[in-house]
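An overview of the molecular structure
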Amino acid sequence: MKLTGGPDSVSPGPVADALLAARLVLNAPHLFGGLALRGAGLSRDAVLQAMSAACIAEGRPWRRLPAHIDDERLLGGTDIAASLAAGTSIAQTGLLSECAGGILVVPMAERVSDAIAGRLAQALDYPDDKGSIALVLLDDGLKEDDTPPASLLDRVAIHCDLSAAREWRELELADPTNSPISNVAPLDDEALTALATTATALGVANTRPLLFAAHVARAHAAWSARSTVSDADLACAARLVIAPRATQMPPADEVEPPEPPSSQPSDDQENQPDNDAERNEGPLDDMLVEAALAAIPPDLLAELASGNAPRRTTGSGSGQKRKSGLRGKPLGARPGMPRGGARLALIDSLRAAVPWQPIRRRDTGENQDAPIIMRKEDLRIRRFEERAAWVTIFAVDASGSAAAARLAEAKGAVELMLSQAYVTRSEVALIAFRGETAELLLAPTRSLTRARRALAELPGGGGTPLALGLNAARECAEAVRARGRTASIVVLTDGRANIDADGAPGRKQAGEDAQTAAKAIARSGIDGLIVDISARPGREGPALAQAMGARFLALPRADAATLHQAIAQSQQQREVA
């Protein structure tokens, strides 16, 4: 059984909207720039297969972007093999020129580097003479924050989420209509105002989606053989373009009391037409808002209602990026000498030398069969980008009667973080402070077996040497940073210290020493999080977080999963900042 992606063939749904978006993009790639498909699965594969078949049947190019493409292959450059064989410089066509007038599929778009994203965005803004390209961004992000670069999402008109779709049947796109978009009249002021009002109500502040929505409405009307835009066309535009970009729920309507009618209507009121603007503006706005809200998934709708707008970042929870000459994600080569551990980029060096061979052979009197002449300025070295391992240092207050609960939560959070260590390149260390000492119970590690062995039996009880625990956490963090890693400190305490830095009892001096230790962490520039899990959080925790320059989180009834989620959100906020 085949499902055809026509404008009125199926009821609105994720798969039907994706097929409709694919057809609109194929009909006018220069207007829409492409679409984003989120959620890997059989449904997305079926939509891609249908789109590919329609694209090839219409004689349009269909290409996929390689994961580690360089600028020469993307934009065009020198063909090394052909140039060496011919003895002269031969240019090769770039991938963007090859897919002009067609579709470029970007797999794992959430992992696209900023450099490649900039090249693609430039190609959308300034199309080639052969025709405009359209991008199909395949978003495989597991978290809501794992999304393609904003520069690409802003430039593709339609975003479709197929994460919850389970359509596996054979799909195909409906044949394009013969009516061009230019035959549809432009949107009137009422329709434009309704789209703008809907975008404002849903928190879409960018003007580009409004232009996309107007184009979608006209394209949908042209496909439906209408010369003017109807309410159904506007609802389709709100569902496909505005709804996926919503960041807030529409505000509650303020009900104003109606004005009492006058006893004797004036002549102007008698001659006023029935379809006045004031009566038509409200219902159209409400209809578009309802159409947009109906297209938002229920879970995302609940987050918007609670004020938790999804962040659009590319943070992965791992450490900071740094340049490397040995390993990591390949970057473009740069001029330089292969020394100090840097590796020679042979192909890039040849590509830089080939265009100069005719001039160099003429200057040296060599014939065309002579070996290639290399010079120092032709040498290129490889560059890589790697993420430093992120080490989370837990400093746990193991004193008093609540030590068992705190340690149990710390154990669970450590195990949850280590279970994702190989994905996020993170490590975990654990410091327990009680009595008169602070002990490093678990050195930075990614071994879950080692962590479980060290966490099997942890001591508890005694006083609260908070200053000693903070100093031990800072020393551990400085040692981690000295090895080129990214460190953060998570302190689980109620902030009520009663043992000073020398191990002597006394709340006043212990509190002053804890403030001093916290300020030392702030001066070191180490990210921190204070988690107050006491039954009744007091003012000591926020004061300690302020001195430490850290975030404060009160979790009086936290379990291991809640603590792990709070730490993960804190790391993502640090990356955004």
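This text follows the structure it describes.
Reading the values: the criteria
Residues numbered from 1 in each chain as written. Predicted model: local features only at pLDDT ≥ 70, side-chain atom pairs only at ≥ 80, totals over all residues. Heavy atoms only, no water. Helix = DSSP H or I, 4+ residues; strand = E, 2+ residues; numbered from the N terminus. Buried < 20%, exposed > 50% of the residue type's maximum accessible area, 1.4 Å probe, protein only. Areas by Shrake-Rupley, 256 points an atom, 1.4 Å probe, with all protein chains shown as cover. Axes fitted to C-alpha atoms, helices over the stretch in contact; angles between N-to-C directions. Parallel < 35°, antiparallel > 145°, perpendicular 65-115°, else oblique. Contact = heavy atoms within 4.5 Å. Expected span 1.5 Å × (residues − 1). Core = buried A, V, L, I, M, F, W, Y, C linked by side-chain atoms within 4.5 Å. Pairing = 2+ DSSP bridges. Salt bridge = Lys/Arg side-chain N within 4 Å of Asp/Glu carboxyl O.

1. Some remarks on the overall build of the protein chain
From N to C terminus, the protein chain includes 23 helices and 18 strands. By residue count, 46% of the 577 residues in the protein chain fall in the buried class. As presented, the protein chain carries roughly 29000 Å² of accessible surface, and 50% of it is formed by carbon and sulfur atoms.

2. Description of the packing of helix α21 (residues 507–524) against helix α22 (residues 540–548)
For the pair α21 and α22, the least separation of the axes is 7 Å and the interaxial angle reads 40°. Comparing their axes, α22 and α21 come out oblique. Of the residues in α22, those in contact with Ala 514, Gln 515, Ala 518, Lys 519, Ile 521 and Ala 522 of α21 are Ala 543, Leu 544, Ala 547 and Met 548.

3. Structural notes on helix α11 (residues 231–242)
Structurally, the α-helix is built with 3.6 residues per turn, so residues lying three or four positions apart point the same way. With 12 residues, α11 should cover 16 Å at 1.5 Å per step; its first-to-last C-alpha distance of 15 Å lies within 8% of that length. Most of α11 is tucked away, with 10 of its 12 residues classed as buried. Taken residue by residue, α11 has Asp 233, Leu 234, Ala 235, Cys 236, Ala 237, Ala 238, Arg 239, Leu 240, Val 241 and Ile 242 as its buried positions.

4. Digging into the environment of Leu 430
Here Leu 430 lies in strand β14 (residues 426–434). For the pair formed by Leu 430 and Cys 476, sequence separation is 46 residues and the distance between their alpha carbons is 9.8 Å.

5. Thoughts on the nonpolar core
Leu 37, Met 51, Ile 103, Val 136, Ile 158 and Val 216 are the most contacted members of the largest nonpolar core, which has 63 residues in total. Counting residues per element, this core draws most heavily on helix α1 (residues 14–27), which supplies 9 residues. Not counting residues within four places of it along the chain, the set of residues in contact with Leu 37 comprises Ala 18, Arg 44, Val 47, Leu 48, Val 136, Leu 137, Leu 138, Asp 139, Cys 160 and Leu 162. Cys 476, Leu 544, Ala 547 and Met 548 belong to the second-largest nonpolar core, a separate cluster that totals 30 residues.

6. Re the sheet that holds β14
With mixed pairing, 6 strands are arranged side by side in an open sheet as β15-β14-β13-β16-β17-β18. Strands at the two margins of the open sheet, each flanked by one partner only, are β15 (437–445) and β18 (551–554). Here the average twist between neighbouring strands, direction ignored, is 15°. Sheet topology places strand β13 (residues 390–397) next to β14; 8 bridges connect them, and they run parallel.

7. Quick word on the pattern of salt bridges
Counted by the stated rule, this structure contains 15 salt bridges. One salt bridge in this structure joins Arg 111 and Glu 110, with 4.0 Å as the shortest N-O distance. Residue classification places Glu 110 among the buried residues on the basis of a relative accessible area of 13%. A salt bridge links Asp 125 to Arg 155, with the nearest nitrogen and oxygen atoms 3.0 Å apart. With Asp 125 in helix α7 (residues 114–125) and Arg 155 in the loop between α8 (150–153) and β8 (158–161), this pair connects stretches of sequence that are 30 residues apart. What emerges from the salt-bridge pattern is a single network uniting Arg 23, Glu 58 and Arg 60.

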